[in-house]
Amino acid sequence: MTRYGLGLLFPLLFCPWAAAADKDDQPLSARYPDDVGLRGDAAVLLFDDFESGEISKAKWSFAVPKANIATAPQPVHGGQRSLHIPYDLPEGPPAHRDCNRMVMASLAGKRLEHFFVRGYVYLASTPTPTAQRKLFYLFSQPRGEGQWDVIVSAWCKDTIPGDVPKHFILSNFYPYSDLRLPAWNLAPVPYDAWHCLEVEVKLNTPPDRKDGWVRLWLNDKLIFEKRAVALRKDDRWLGEVGIGYQIDRNGDTHVRHEERYWDDLVIATKRIGAKFPRAK
Ligand SMILES: [Ca+2]
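If you're wondering where the values come from, they're calculated on a predicted model, not measured in any experiment.

S.K.: Tell me what's going on with the overall build of the chain, and back it up with residues and numbers.
M.R.: A tally of helices and strands in the chain yields 2 helices and 14 strands. Relative to the 2.2 N^0.38 estimate, which gives 19 Å for 280 residues, the radius of gyration of the chain is 20 Å and therefore close to what a compact globule would have. In terms of overall dimensions, the chain has C-alpha extents of about 70 × 50 × 40 Å along its principal axes. Residue burial in the chain is summarised as follows: out of 280 residues, 38% are buried.

What follows is the structure, given as structure tokens:
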């Protein structure tokens, strides 16, 4: 038998866990075309398509006052409504200045150590884009000394006309986090289009066993995977999931302005996946 043939047969005949892993990677969205019924799946902890017309306090523990519900013909991904968060920094010092605007979901009561966050994001082009923006900001519970976090961002060279934001992923500079060095330029996220972004985090066994992992998908394409990592040094689980977050002036004093839209947000304990077309 060829080496290829052995490689093909072995996992099928002798490695039942391989099949189980593949099954776990099957996105929930495949079972729920157009996300219909997805919110009722036992693995889904939060689902918001914003069609209720409000930022639900039952789902979001915090929403910055300027966050609002957008209605078509403003950008919406599904249905007629989406979440809209505007960002702006006036001209002038200080040179390093953030505009932190977000909605937050608290998952602390779930004691999650393995989880997925999916959302559709739309970055509207403006004449004065930011250099860096945070999209998902995942915090440990509790925060403070010894905390962990995972950040999914997109940045561009705002000094280059027409430059397109690119995803990157990192944590803050905790010495115990293997995400402390950013992975840059993972994939472009062009302006004025909807993009499906999903991050998976499996926390390591504390204090230092490297059995965690992080994966990131853009439009269902795996663009980042880091296995055998440590992200935390104690048993802190997931606390809050921040959607949106920062723009950063990034060292100058220019005006910054950005409009960002979100839709079809899901937090789950299984791979979610991009929305599948509804079956005909
Ligand atoms: Ca919607």
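S.K.: Hey, could you go over the environment of Pro 165 for me, with residue numbers and the actual values?
M.R.: As for its position among the elements, Pro 165 is in the loop between β8 (149-155) and β9 (166-170). With 24 C-beta atoms counted inside 10 Å, the residue Pro 165 sits in the buried group. Taking the C-alpha atoms as reference points, Pro 165 and Ala 193, 28 residues apart in sequence, are found 12 Å from one another. Those residues in contact with Pro 165 that sit more than four places away from it in its chain are Leu 123, Ala 154, Trp 155, Cys 156 and Val 189.

S.K.: Give me the lowdown on the confidence of the model for the chain, citing residues and values where you can.
M.R.: Confidence along the chain averages 89 in pLDDT terms, with 90% of residues attaining 70 or more. Taken together, the stretch residues 1-22 has pLDDT below 50 and engages in 3 contacts with residues farther than four places along the chain or on a different chain.

S.K.: Lay out the nonpolar core with the relevant residues and their values.
M.R.: Ranked by size, the top nonpolar core spans 65 residues in total, and within it Phe 136, Leu 138, Val 150, Val 152, Ile 267 and Ala 268 carry the most contacts. The residues contacting Ala 268, other than those within four sequence positions of it, are Leu 28, Ala 43, Val 44, Leu 45 and Phe 116.

S.K.: Which residues make up the sheet that holds strand β13 (residues 237-248), and what values go with them?
M.R.: An order of β2-β5-β13-β7-β8-β9 is seen for the 6 strands of this open sheet, with the pairing classed as antiparallel. Each end of this open sheet is capped by a strand with a single partner; those strands are β2 (62-63) and β9.

S.K.: Quick rundown of unusual backbone geometry? Include the residues and the values.
M.R.: A cis amide bond links Pro 93 with the next residue in sequence, Pro 94, at an omega value of 5°. Take Pro 94: it is sitting in the loop between β4 (81-89) and β5 (98-106). A cis amide bond, omega 5°, links Pro 206 with the succeeding residue Pro 207. Inspection of the secondary structure puts Pro 207 in the loop between β10 (194-202) and β11 (212-218). The backbone of Asp 264 sits at a positive phi, close to 50°, despite the residue not being glycine. Here Asp 264 lies in strand β14 (residues 256-268).

S.K.: Could you give me a rundown of the environment of Ala 95, with the residues and numbers involved?
M.R.: Mapped onto the fold, Ala 95 is located in the loop between β4 and β5. A tally of 11 C-beta atoms within 10 Å means that Ala 95 is categorised as exposed. Each C-alpha atom, one on Ala 95 and one on Arg 249, is 6.6 Å from the other, the two residues being 154 residues apart in sequence. If we ignore the near neighbours within four places in the chain, the residues touching Ala 95 are Arg 249, Gly 251, Asp 252 and Thr 253.

S.K.: Please set out the pairing of strand β6 (residues 114-124) residue by residue, giving values where relevant.
M.R.: Each regular strand displays side chains that alternate between the two surfaces of the sheet. Of all 11 residues in β6, 9 are buried, a share of seventy percent or more. In this structure, β6 lies alongside β10, joined through 9 bridges in antiparallel fashion. Opposite Gly 119, over in β10, you have Leu 197 as the bridge partner. As paired strands, β6 and β14 are joined by 8 bridges and run antiparallel to one another. Counterpart to Tyr 122 in the pairing with β14 is Tyr 261.

S.K.: Describe the environment of Arg 81, listing the residues and the values that go with them.
M.R.: Along the chain, the position of Arg 81 falls in strand β4. Under the C-beta neighbour-count criterion, Arg 81 is labelled buried, with 20 such atoms within 10 Å. Each residue touching Arg 81, except ones within four places of it in the same chain, is listed here: Phe 50, Glu 51, Gly 53, Ile 69, Ala 70, Thr 71 and Val 76.

What counts and what doesn't
Residues numbered from 1 in each chain as written. Predicted model: local features only at pLDDT ≥ 70, side-chain atom pairs only at ≥ 80, totals over all residues. Helix = DSSP H or I, 4+ residues; strand = E, 2+ residues; numbered from the N terminus. Rg over C-alpha atoms; globule rule 2.2 N^0.38 Å. Buried ≥ 20, exposed ≤ 12 C-beta atoms within 10 Å, placed from the backbone. Contact = placed C-beta atoms within 7 Å. pLDDT = per-residue confidence, 0-100. Core = buried A, V, L, I, M, F, W, Y, C linked by C-beta atoms within 7 Å. Pairing = 2+ DSSP bridges.

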